[in-house]
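Results of the structural survey
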Amino acid sequence: MTMHFGEAQASVAALPVPSRLDAYLAQTAFDRPTLVIDVDRVEQQFLALKAGLGEADIHYAVKANPAREVIARLVELGSHFDAASRGEIELCLSLGARPEAISFGNTIKRASDIAFAYAAGITLFAADAEEELEKIAHHAPGAQVYIRIIVENSEADWPLSRKFGCDRDTAMVLLAHAKMLGLDPVGLSFHVGSQTRKAEMWGATLDQMARIWTDARERGHDLRLLNIGGGFPAFYGEAIQAPTDYAAGVMRMVHARFGAVERIMAEPGRGLVAEAGAIACEVMLVSRKSTRDTHRWVYLDIGKFSGLAETIDEAIRYQFETPRDGDATGPCILAGPSCDSADVLYEKRPMPMPLSLRAGDRVVIRNAGAYTSSYSSVGFNGFPPLDVVVI
Ligand SMILES: *Cc1c(COP(=O)(O)O)cnc(C)c1O
């Protein structure tokens, strides 16, 4: 009986039905690099993360992929949003998000954007500096603020480093300062670092945050909101935990350290949209610089300035598919098409590609729905920005 069941499963796995995304890619010709997003996959991922996050609210980090259809679907699903600017706030509002469901999470806000947000009904703001609190108190009097804490030891593939957050002592000063300014300092936030592949990698950061949380409460701050930020991973070839397990694992670790918290919010960006998208692009040229070179240069029609900015420092290593997969491979340096010498994608760790690869071949970049279209320049060197099609 068990044997029979196993065989049936194996035969299902051997004949995979092409996904909507694959079917669309197979039947469509593109004349420029194009990101195809399957909005049903975004929904699936939202529900999978939500199942693990439990009572925590999802505030989608809009910057990961601001396609209108993505935002609209997430509004339908009851998602909340983390916006970084007036433009992102207007986008969410125009697609039906309620202002109470939008947090203004950038710690570096234009004063007029704060005023705009407040007038639109947004009442939750991030800060990591005195001057930012003063701007908020002036343009959004009485608003709720959470203080962003700097993460000391990220294990992420794309750490957010020292640009955001403040240390424990500064956080204590800011909580008191916010109160003095008539604001409501409701809680703390952090970001564990983008593409943190396993829930267990959150341990050290959560320990650090829990100590600060406890200290603040002991000083009489009535903290009610814990914002655990983003960091939820996408599959780029290295093992990651499945979304529900991952999110549930993080929440177990949060509960073990923080006990009952009135309100928890999570801000997935990459983890919600990356796997819902694939980029169709093309080989422009395959060459060798010298007859003695052991590796080839493969130039694509997409590069650092047209969607693949996260290859900076070779941090994010995408997966490439070609129609010649299965042929013998050799190491390649992958580069973009622009006349800028920084536009090299992978050189320190060359990428194995089929030896038969030719100019004109289609290349599909998997799981590229996050931080690609939103990172594409408007047309550096005359190359068009990454096109987006939502199916
Ligand atoms: C970019 C960003 C996120 C999303 O991060 P991911 O690693 O993509 O999930 C979440 N919160 C804030 C404040 C951000 O700036």
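Residue positions are given per chain, counted from 1 along the sequence in the order it is written. The model is predicted, so local features are restricted to residues of pLDDT at least 70 and side-chain atom pairs to those at 80 or more, both for listing and for counting; the totals for chains, interfaces and linings are taken over all residues. Where side-chain values are given, they derive from all heavy atoms of the structure, hydrogens and water being excluded.

Here we take up the overall build of the chain. Counting its regular elements, the chain contains eleven helices and 16 strands. Two things to know: the radius of gyration comes from C-alpha atoms, and the globule rule equals 2.2 Å times the number of residues to the power 0.38. On C-alpha atoms alone, the chain measures out to a radius of gyration of 23 Å, which is about the 21 Å that the 2.2 N^0.38 rule sets for 391 residues. Think of it in three bands: residues with accessible area under 20% of the maximum for their type are buried, residues over 50% are exposed, and the middle band is partly exposed, with areas taken using a 1.4 Å probe on protein chains only. Taking all 391 residues of the chain together, 53% fall into the buried category. By the convention used here, residues are in contact when the closest approach between their heavy atoms is within 4.5 Å. Pairs at least 24 apart in sequence give 71% of the contacts found in the chain among residues at least 6 apart. Helix and strand labels come from DSSP, where a helix needs a run of H or I of at least four residues and a strand needs a run of E of at least two; each type is numbered from the N terminus.

What follows concerns the packing of aromatic side chains. Pairing of aromatic side chains requires ring centres within 6.5 Å, counting the rings of Phe and Tyr and the six-membered ring of Trp. Pairs whose planes differ by under 30 degrees are stacked, by over 60 edge-to-face, and all others tilted. Per the counting criterion, the structure on display carries twelve aromatic pairs. Each ring, one from W202 and one from F232, has its centre 5.7 Å from the other, and the planes form 55 degrees; the classification is tilted. Here the residue W202 occupies a position in the loop between β7 (184-189) and α9 (203-218), and F232 occupies one in the loop between β8 (225-227) and α10 (243-258), the gap between them amounting to 30 residues. Exposure remark for W202: the relative accessible area of 0% places this residue in the buried category. Here W297 and Y299 contribute two aromatic rings whose centre-to-centre distance is 5.9 Å and whose plane-to-plane angle is 20 degrees, an arrangement assigned as stacked. In this structure, W297 and Y299 share a single accessibility class: buried.

Taken together, 13 residues lie near the ligand, and K63, H191, S194, E267 and Y371 sit nearest. Between N or O atoms, a polar contact is any pair within 3.5 Å; within protein, one atom must be a potential hydrogen donor and the other a potential acceptor, and residues adjacent in sequence are included only when both atoms are from side chains. The separation between an oxygen atom of the ligand and a polar side-chain atom of H191 is 2.8 Å. Throughout, the Shrake-Rupley method with a 1.4 Å probe supplies accessible areas, and for residues the shown protein chains are the sole cover considered. For the ligand, whose free accessible area comes to 390 Å², the fraction covered by protein is 91%. Residue classes follow a fixed rule: Ala, Val, Leu, Ile, Met, Phe, Trp, Tyr, Cys and Pro count as nonpolar, while Asp, Glu, Lys and Arg count as charged, and any other residue, Gly among them, counts as polar. When the residues that make up the shell around the ligand are grouped by side-chain class, the tally is three nonpolar, five polar and five charged. One heavy atom within 4 Å of a molecule or strand is enough for the residue carrying it to be called near that molecule or strand.

Take the pairing of strand β13 (residues 329-335) next. Burial runs high along β13: five of the seven residues are buried. Two strands form a pair only when DSSP identifies at least two bridges running between them. In terms of strand pairing, strand β11 (residues 296-300) meets β13 through four bridges, oriented parallel. In the sheet register, R296 faces β13, and the bridge partner there is C332. Pairing analysis gives six bridges linking β13 to strand β14 (residues 344-354), with the strands arranged antiparallel. Bridging across to β14, P331 finds its partner in P352.

Moving on: the UniProt feature "modified residue: N6-(pyridoxal phosphate)lysine" (unreviewed entry) in the chain. UniProt positions are given in the numbering used here, feature names are shortened, and annotations may be inferred rather than shown by experiment. Here the UniProt-annotated "modified residue: N6-(pyridoxal phosphate)lysine" (unreviewed entry) positions come out as K63. Note that K63 resides in the loop between β2 (57-61) and α4 (68-76). With a relative accessible area of 44%, K63 lands in the partly exposed category. Ignoring any residue separated from it by four or fewer positions in sequence, one finds K63 in contact with E88, Y371 and S374.

Only the stretch in contact is used when fitting a helix axis, every axis being a line fitted to C-alpha atoms; angles between N-to-C directions are given from 0 to 180 degrees. Packing of helix α7 (residues 130-139) against helix α8 (residues 168-180) leaves a shortest axis separation of 10 Å and a crossing angle of 20 degrees. In terms of axis orientation, α7 runs roughly parallel to α8. The two elements α7 and α8 cross, and the hand of that crossing is right-handed. On α8, the residues that touch E130, L133 and E134 of α7 are V173, L174, H177 and A178. To sort the angles, those under 35 degrees are grouped as roughly parallel, those over 145 as roughly antiparallel, those from 65 to 115 as roughly perpendicular, and the leftovers as oblique. Two helices cross in a left-handed way if the nearer one is turned anticlockwise from the farther one by less than a right angle. They cross in a right-handed way if the turn is clockwise.

So, on to the environment of R98. Checked against the element boundaries, R98 lands in the loop between α5 (86-94) and β4 (102-104). Taking relative accessible area as the criterion, R98 reaches 45% and is therefore assigned partly exposed. Considering only alpha carbons, one finds R98 and V75, 23 residues apart in sequence, at a separation of 8.8 Å. Leaving out residues up to four positions away in the same chain, R98 has contacts with H80 and L93. Looking at R98, its side chain comes within polar contact range of the side chain of E100, at 3.0 Å.

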